[in-house]
Amino acid sequence: MIESARSEATKIEAGQPLIQISDLTKVFYTDEIETHALSGIHLSIAKGEYVAMSGPSGCGKSTLLSIIGLLDTPTAGRYSLNGKTVENLDFAERSRIRNQEIGFIFQSFNLIGDLTVYENVELPLTYRQRMPAADRKARVMEALERVGMAHRVRHYPSQLSGGQQQRVAVARALGGKPSILLADEPTGNLDSRNGEAVMELLQELHREGATICMVTHDPRFAKHAQREVHLFDGKVVAEEELKKLLAETSA
Amino acid sequence: MNGLLQDFRYAVRQLRKSPGFAAVAIITLALGIGANTAIFSLLDQALLRSLPVKDVDRLVILNYSGSNTGRLQSRADGHFYFSYPMYRDLHDRNSVFSGMIATDFTQVGVQWHNQPDLVGAELVSGNYFDVLGLQPAAGRLFVTADDVVADANPVVVLSFSYWQRRFGSDPGILNQSVLVNGHPFTVVGVAPPGFHSVVMGDTPDVFVPMMMKAEVIPGSMDLEDRRSSWLNIVGKLKPGLSREQAEAGVGPLWSAIRSDELKEIKGGSENFRDRFVNKSQLFVLDGARGFSPLRSDVQMPLLIVMGMVGLVALMACANVGSLLLVRGAGRIREMSVRYALGAKQKRVIQQLLVEGLLLGLAGGLFGMLLAPRVSSVLITMIWGGGTGDLPFSAKPDLRIMLFNCGLALLASLLFSLAPALQFWRPDLAPALKQQGMTARSGPLRFRRISVAVQIGLSLVLLVGAGLFVRTLHNLRSVNAGFATDHLLTFGVDPRMAGYEPDRTFALYQRMFETLRGLPGVRAVAATNDPELANDNETGNVTISGYADKPDENMQVEQPNVSVDYFSTMQMPLLAGRVFTDQDSAGSQKVAIVNESFARHYFGDPQQALGHFVANGGGKGVKPDIVIVGVVKDAKHVSLREPVTRTVFFPYLQSPELHAMTFYVRTWQQPESAESTIRRAMQTLDANLVLDTFRTMDEQIDNNLTAERVIALLASGFGVLAALMAAVGLYGVLAYSTTQRTSEIGIRMALGATRGSVVRMVMFEVLWLAGISIAIALPVSLLLMSAVRSQLYGISSSDPLTLGLTIVVVTLVAIASAMLPARRASRVEPMKALRYE
Ligand SMILES: Nc1ncnc2c1ncn2[C@@H]1O[C@H](COP(=O)(O)OP(=O)(O)O)[C@@H](O)[C@H]1O
Ligand SMILES: [Mg+2]
């Protein structure tokens, strides 16, 4: 799996931006209140990069991640993924790209309780058209082995520990061989030991060639990444500037 | 106790907080209770309730087996009737009955203060009231002496309701004279209130001694005719005697009576003699509930309706149950908080029960209000249009009502308990711990089962509706064999206005002339044996040159008709000629037979011409009536019954004249001719009593009442059931998709398209519907084959109806899934996955 992921990744030369976002804004309208969650974001992530996104609560990290993951659409701005403009795609097309290019890892794991470990990992593959069952099975087992959960295929999520659940969630994200893994505070619901383990897993995946964009507010984990992006109030800011701004707000 | 009151107040507040839920639950329960009570009350009156008379357990009905060769007048119910000499012999010579009464029902014209009135009359033996142990409401009832000598005692007893209705309960009417069919009769008394007749379902307005039959049924001279069967016998067993003992005891007497009868049948083979006497048996049947041609008429329809109501009630329970279950599931949090605050299990459950109780009570209350309305609608639907009292009361039976309310209470208590069981051992930790991570669907299973039951029941009801509607349609489109449109019919019996037979003939001639002269009238005809009137009157024939096989049934219809009958009715002539004015009293006697008759006895219509026939059977009969024509077959008794072999005679050559039914073929809408005809007849003779006017289409509709009611109710209940199932299914899906919002969000994040989410919901629906249909289909096949006899022209497993019903049920399921599926597909993955 690692081999093939790398070969797919190398289709685009390393260093070429996988994600290119420019002047992106997102406004939420609720009950006559406008929330400017993102305003004028410029961001590019290269193939094979490991980016950590940090910033105070409510600054727009999750919003940005879900736009990158095509779960949401920007209010304005441009976004190209793998060289393809994706900000104005319809729901079905976004579903397709999400399924093929994106691997999600959530803070609360978001496994489906009625499905077994195996079925949870298989789920995104079932949304692909014309994937032979044998291939599917091979991919699922490959992914589960990669995260060390192959011995728990018949278990239900409720029968696993939090750390194990999150590893299954990682396997689910890997199974589809996505261009990028998006992780929104993947350690948020884990104790520190399990948190470390998941972080290590991500680092290994990165070393094997995966592109990762991870939201975290934990500076220790942010240091694992190659690059840190700081968000403040819906804008990307430099680290020094963030410190200054944080000092101002706390003052 | 204090807690209970508090719970009660809280329950009221809870129900008022969700008025939609409360309304649906209460309406559903009320419908179930109301319809059930109404139907059971009718069923009880028609099938179960005993006559309001003394020693009712000792009453028996007599019936017999063996062939009947004489004149037979029956109500098309398969019951054997007796002749008066038979009754007299049985009555005088038996040793097992302490009393035995004879009865027959007819219509008479009663005239009082120059006001003619057509009423029902029961012709009874003199001991009738005595044997039944009834006391008069006024005056006196009949005694044996009233009924000894033919035509000697013109006395009449009024029914209680006729006395109220017509005479304002005036005791002054006693010993006064009224005209019955033109003959003066003295009113001697009034029957007790609440008593209608020993014949269940009959509601005579007057009672007349049997010996007055010639006056009451003009033209009938058969009181002493052993071979004319027309009356029913109800016996009263001697105390301590069982029906079996009575049957055995009366056996020899019965054989003797049959032998006497056989003596009057000239001819017949040895074999026939043996069968006529030795193989014939007299049966003594339970009579506590009265002899009832009506009962056998309505038994099956009522049972079917009851079955439908039962299914609907079951659905109502399932529906209310699943409603209560959702509510319960939606209140887990509330219950959890109660537990957390230290509430005891008992209190939490008590509170749920109080709510269930409240719902059940409200449903029961509305159901009670509904029941009499449903009853009266049903009664008028089935028996409306007749004269006099309706045979059944719309007042619901208290016991049945209480029983149904109890049932509804029990059901709602039980179902309100079901969610309580979910909290029996509250384990709150997992729900809190796993919040947002997993959505398990445990409590859904209850609801799925309840919905599956509802889908299944609605399939059963819809299959029934389909089959009954098509039965009705098939019957309606049966070719009657004559033109039923633009045809107005009414009956007249001139002897009710005091006409003697010799003047009757002239009256009919004048009526024909007058009617033909009226504007808008195309043709006029008359018969003494009305078409499609659900009664048959057959008699034996003898055919010259036809060697009847031993014991061959030679019973045929023998209507006497007017000259223009076939052209007016538009019954096509197949061979020979129709009647003409030359076929009069003095000339060669002629007959026209129908196709079935011709084919059966002669093989071919043409062959029948020129043969001679005679009414009556036996050696002495000389066939002297020549067959001059053959007409095409037409339905006679009803659209359902097969065609009977028929010989038509010109009424001008008939030895005795009967009451006639007139048919007027009109140019315009036949209804509009009624007033013109009534006025014209009034001018002809103001005393003439004209029987109810009906168009032939109305007559047919009337004929099909049971079928119509069943088809109507079955469709109504079928639609109701489908609606309930749809609501139930919608509820389950709406609930389950809301429960699964986050799951759907996850799936979408992983690449599920809207289409695949819709498919997911639809799959759940189709799976549920498929399983329910698979289970319900054999059940409905079984139920439908049990009511086969009520179907016409369609098999109980008609594939088209079944297929169509399956399609309809599936479509209903899909339709009710549409909204939840749409809602599920609109889930915003972002919102579904958001957590704070
Ligand atoms: N669906 C939404 N509707 C309205 N406001 C939203 C929505 N999603 C996010 N927001 C607002 O946008 C801002 C950014 O939210 P988010 O991206 O979740 O922040 P965080 O950086 O903590 O992940 C917040 O002020 C939040 O309240
Ligand atoms: Mg966030």
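Before reading on, note that the structure itself is shown above.
So, here is what we can say about the structure in this document.

The rules we used
- Residues numbered from 1 in each chain as written.
- Chains lettered and ligands numbered in written order.
- Predicted model: local features only at pLDDT ≥ 70, side-chain atom pairs only at ≥ 80, totals over all residues.
- Heavy atoms only, no water.
- Helix = DSSP H or I, 4+ residues; strand = E, 2+ residues; numbered from the N terminus.
- Buried < 20%, exposed > 50% of the residue type's maximum accessible area, 1.4 Å probe, protein only.
- Contact = heavy atoms within 4.5 Å.
- Areas by Shrake-Rupley, 256 points an atom, 1.4 Å probe, with all protein chains shown as cover.
- Expected span 1.5 Å × (residues − 1).
- Bend = angle between axes of the 7 residues up to and from the residue.
- Core = buried A, V, L, I, M, F, W, Y, C linked by side-chain atoms within 4.5 Å.
- Domains from an automatic or database assignment.
- Patch = residues over 30% accessible without salt bridge, like charges linked within 9 Å, V, L, I, M, F, W, Y side chains within 5 Å.
- Salt bridge = Lys/Arg side-chain N within 4 Å of Asp/Glu carboxyl O.
- Phe/Tyr/Trp six-rings, centres within 6.5 Å; stacked < 30°, edge-to-face > 60°.
- Lys NZ or Arg CZ within 6 Å of the ring centre and 35° of its normal.

Secondary structure assignment for chain A yields 9 helices and 10 strands. The 251 residues of chain A split such that 53% are buried. Counting only contacts in chain A whose residues sit at least 6 apart along the sequence, the fraction spanning at least 24 positions is 69%. For chain A, the exposed surface amounts to about 11,200 Å²; the carbon and sulfur share of it is 48%.

Residue and element names in this part refer to chain B. Here glycine 755 lies in helix α23 (residues 754-786). Taking relative accessible area as the criterion, glycine 755 reaches 33% and is therefore assigned partly exposed. Between the C-alpha atom of glycine 755 and that of serine 825, which follows or precedes it by 70 residues, the distance is 7.3 Å.

It is worth spelling out α23 of chain B at this point. In a regular helix each residue adds 1.5 Å, so 33 residues correspond to 48 Å; α23 of chain B covers 47 Å between its end C-alpha atoms and thus fits that length. Of all the bends in α23 of chain B, the greatest reaches close to 25 degrees and is centred on alanine 776 of chain B; the proline proline 778 of chain B follows between one and four positions later.

What follows covers the nonpolar core. Residue and element names in this part refer to chain B. The biggest cluster of nonpolar side chains holds 91 residues, and the ones touching the most others in it are Phe482, Tyr565, Phe566 and Phe648. Two domains each provide a minimum of three residues to this core, namely domain 1 (2-44 + 296-476 + 706-834) and domain 3 (494-690). Setting aside residues no more than four positions away along its own chain, phenylalanine 648 makes contact with Pro559, Val561, Tyr565, Phe566, Met571, Phe579, Val590, Ala591, Ile592, Asn594 and Val631. In this structure, Leu90, Leu158, Phe185 and Val190 belong to the second largest nonpolar core, which totals 49 residues.

Time to look at a nonpolar patch on the surface. Residue and element names in this part refer to chain B. Judged by side-chain polarity, Phe763, Trp767, Ile771, Ile775, Val779 and Leu783 come together as a nonpolar surface patch covering roughly 610 Å² of accessible area. Along the polypeptide, isoleucine 775 turns up in helix α23. Exposure remark for isoleucine 775: the relative accessible area of 56% places this residue in the exposed category.

Counted by the stated rule, this structure contains 28 salt bridges over all chains. Two residues, arginine 220 of chain A and aspartate 218 of chain A, come together in a salt bridge whose shortest N-O distance is 3.0 Å. Using a relative accessible area of 48% as the deciding quantity, one classes arginine 220 of chain A as partly exposed. The exposure class assigned to aspartate 218 of chain A is buried, which follows from its relative accessible area of 17%. The salt bridge partner of arginine 258 of chain B is glutamate 261 of chain B, with a shortest N-O separation of 3.8 Å. Here glutamate 261 of chain B and arginine 258 of chain B lie together in helix α7 (residues 243-264), a separation of 3 residues that amounts to about one turn.

Moving on to the packing of aromatic side chains. Inspection of every chain in the model, using the stated rule, returns 28 aromatic pairs over all chains. Look at phenylalanine 129 of chain B and phenylalanine 142 of chain B: their rings are 5.8 Å apart centre to centre, the planes differ by 55 degrees, and that puts the pair in the tilted class. In this pair, phenylalanine 129 of chain B is assigned in helix α4 (residues 128-132) and phenylalanine 142 of chain B in the loop between β5 (138-139) and β6 (155-158), connecting sequence segments 13 residues apart. We note that phenylalanine 129 of chain B, like phenylalanine 142 of chain B, is buried. Between phenylalanine 512 of chain B and tyrosine 651 of chain B, the aromatic rings sit 6.2 Å apart at their centres with planes inclined by 50 degrees, giving tilted as the arrangement. On the criterion of sequence distance, the pair formed by phenylalanine 512 of chain B in helix α15 (residues 501-517) and tyrosine 651 of chain B in the loop between β22 (647-650) and β23 (660-666) is long-range, its members being 139 residues apart. Grouped by ring-pair contacts, the aromatic residues Phe490, Phe505, Tyr508, Phe512, Tyr651, Phe662 and Phe693 of chain B constitute a single cluster. For the cation-ring pair, arginine 220 of chain A lies above phenylalanine 221 of chain A, with the distance from its terminal atom to the ring centre recorded as 5.0 Å. Taking the ring centre of tyrosine 499 of chain B as reference, the NZ or CZ of arginine 503 of chain B above it sits at 4.2 Å.

Quick look at helix α6 (residues 162-175) of chain A now. Over its 14 residues, α6 of chain A extends 20 Å from the first C-alpha to the last, a length consistent with the 20 Å expected when each residue adds 1.5 Å. Among the 14 residues that make up α6 of chain A, 12 are buried, leaving the element largely enclosed by the rest of the structure. Buried residues belonging to α6 of chain A abut β6 (102-105), α4 (117-126), α5 (133-146), β7 (180-184) and α7 (192-207) of chain A together with α22 (741-749) of chain B.

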